[in-house]
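Chains, contacts and geometry: an overview
Here is what each chain is made of, one letter per residue.
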Amino acid sequence: MKRILTVQDISCIGKCSLTVALPIISSMGVEVAALPTAVLSTHTQFKGFTYRDLTSDLLDIKEHWKKEGFEFEAIYTGYLGSYEQIAILENFFKDLKTKNNFIFIDPVMGDNGKLYTGFNQEFATRMKELCSKADIIVPNLTEVSYMLQTEYKEKYSEEEIKELLIKLSALGPKRVVITGVSFKENELGVMSYDKETNSFFKYFKERIDVKYHGTGDIFASTLLGALVNELSLEEALKVATDYVWECIKVTYDEKKENAYGTDFEKVLQKLIEGIK
């Protein structure tokens, strides 16, 4: 059975990070080795959450895995809460990257033009350095603007997005995906660039006028699961975008509160059928 490693936090309530990655990737027939960077009582949109940093455990866990000879089809990083964790992941990449696996980074730092609490431009620059070691990166437009230190805009032309994709690929990744892309008012989706084939791809769904926490984590986890199932990047992007849309729609139709995230569990069967 194929196995991936994902390194990100656990928010005990609020659907994001590991509580999203574990069920989604597992449902796609891939074993998930989870390495939690922190444990939070809730995700950070709730007030007064507790936070337990697990940075000091990460290297010991990795050393144990090395002794056991564990191998991974992919190494997937999400939310990293400190400079120290970025440095530790660089160490992980040196020890666990092989010619047969790939590094997949979702540089979770911000959205809607702003960085999340606790992050600054210096951190974004450090994250850019980590992304240079990846095979695939999947930033949103906010994260792109901070890593490249370009102006964040709500609207971009297709040529502008292509230019951003090429600049990101010049950092090192072979394949780059930008999420939250839109060229028409009623559409929202993704655009990608494959440096090896010098090809672009775009895919859109009907825009649903609502925002839910954790949809970026759902997208990244689904995309990774599809790639490990040996779908092409274009096929995997369709699967991931379609699934996120289904998650948003089922939650929006039931008028659920935004803070908790989407009811992704209710449409997992559609994802499983889509992979088959």
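Just so we're clear, the structure is a prediction, and the values are computed from it rather than from any experiment.

Right, let's talk about the sheet that holds strand S11 (residues 199–206) for a bit. The 9 strands lie next to each other as S3-S2-S1-S4-S5-S8-S9-S10-S11, forming an open sheet whose pairing is mixed. Lying at the two open borders of the sheet, with one neighbouring strand each, are strand S3 (51–53) and S11. Most of the contacts of helix H7 (residues 215–228) go to strand S5 (residues 102–105), to which it runs at about 165°, and overall it touches strand S1 (3–13), strand S4 (74–77), S5, strand S8 (136–137), strand S9 (175–181) and strand S10 (187–194).

What follows is about the side chain of Ser182. Mapped onto the fold, Ser182 is located in the loop between S9 and S10. By relative accessible area, which is 19% here, Ser182 ends up buried. A distance of 2.7 Å separates the side chain of Ser182 from the backbone oxygen of Lys184, its partner in a polar contact. A distance of 2.7 Å separates the side chain of Ser182 from the backbone oxygen of Glu187, its partner in a polar contact. Other than its neighbours up to four places away in sequence, Ser182 contacts Tyr156, Glu187, Leu188, Phe204 and Arg207.

Sheet topology note: the S1/strand S2 (residues 31–42) ladder contains 9 bridges and is parallel. The residue bridging Ile4 from the neighbouring strand is Val32, located in S2. Handedness of the crossover is the feature at issue here: the chain leaves S1, passes through helix H1 (residues 17–27), returns alongside S2, and the resulting connection is right-handed. Relative to S3, S2 runs antiparallel, the two sharing 3 bridges. Along S3, the bridge assignment pairs Val39 with Arg52.

Right, let's talk about the state of the cysteines for a bit. Applying the stated criterion across every chain, the model contains 0 disulfides. Left without a disulfide partner, Cys12 is nearest to the cysteine sulfur of Cys16, which lies 10 Å away. For Cys247, which is in no disulfide, the shortest distance to another cysteine sulfur is to Cys16 and amounts to 14 Å. Its relative accessible area of 1% is what places Cys247 among the buried residues.

When the charged atoms of two side chains lie near each other, side chains of opposite charge can form a pair. Counted under the stated rule, the structure contains 23 salt bridges. Residues Glu129 and Arg126 are paired through a salt bridge, measuring 2.9 Å at the closest nitrogen-oxygen approach. Here the residue Glu129 and the residue Arg126 both occupy positions in helix H4 (residues 121–131), the gap between them amounting to 3 residues, near one helical turn. Residue class for Glu129 comes out partly exposed when judged on its relative accessible area of 37%. Using a relative accessible area of 18% as the deciding quantity, one classes Arg126 as buried. In this structure, Lys249 and Asp253 form a salt bridge, with 2.8 Å as the shortest nitrogen-oxygen distance. Remark: Asp253 and Lys249 occur in helix H8 (residues 233–253); sequence separation between them is 4 residues, near one turn of the helix. The class of Lys249 is partly exposed, set by a relative accessible area of 31%. Residue classification places Asp253 among the partly exposed positions, given a relative accessible area of 45%. Within this structure, Lys15, Glu254, Asp263, Glu265 and Lys266 form a network of salt bridges that share partners.

Criteria and thresholds
Residues numbered from 1 in each chain as written. Predicted model: local features only at pLDDT ≥ 70, side-chain atom pairs only at ≥ 80, totals over all residues. Heavy atoms only, no water. Pairing = 2+ DSSP bridges. Helix = DSSP H or I, 4+ residues; strand = E, 2+ residues; numbered from the N terminus. Contact = heavy atoms within 4.5 Å. Axes fitted to C-alpha atoms, helices over the stretch in contact; angles between N-to-C directions. Buried < 20%, exposed > 50% of the residue type's maximum accessible area, 1.4 Å probe, protein only. Polar contact = N/O pair within 3.5 Å; in protein donor to acceptor, adjacent residues only side chain to side chain. Right-handed = clockwise from strand over helix to strand, strands pointing away. Disulfide = S-S within 2.5 Å. Salt bridge = Lys/Arg side-chain N within 4 Å of Asp/Glu carboxyl O.

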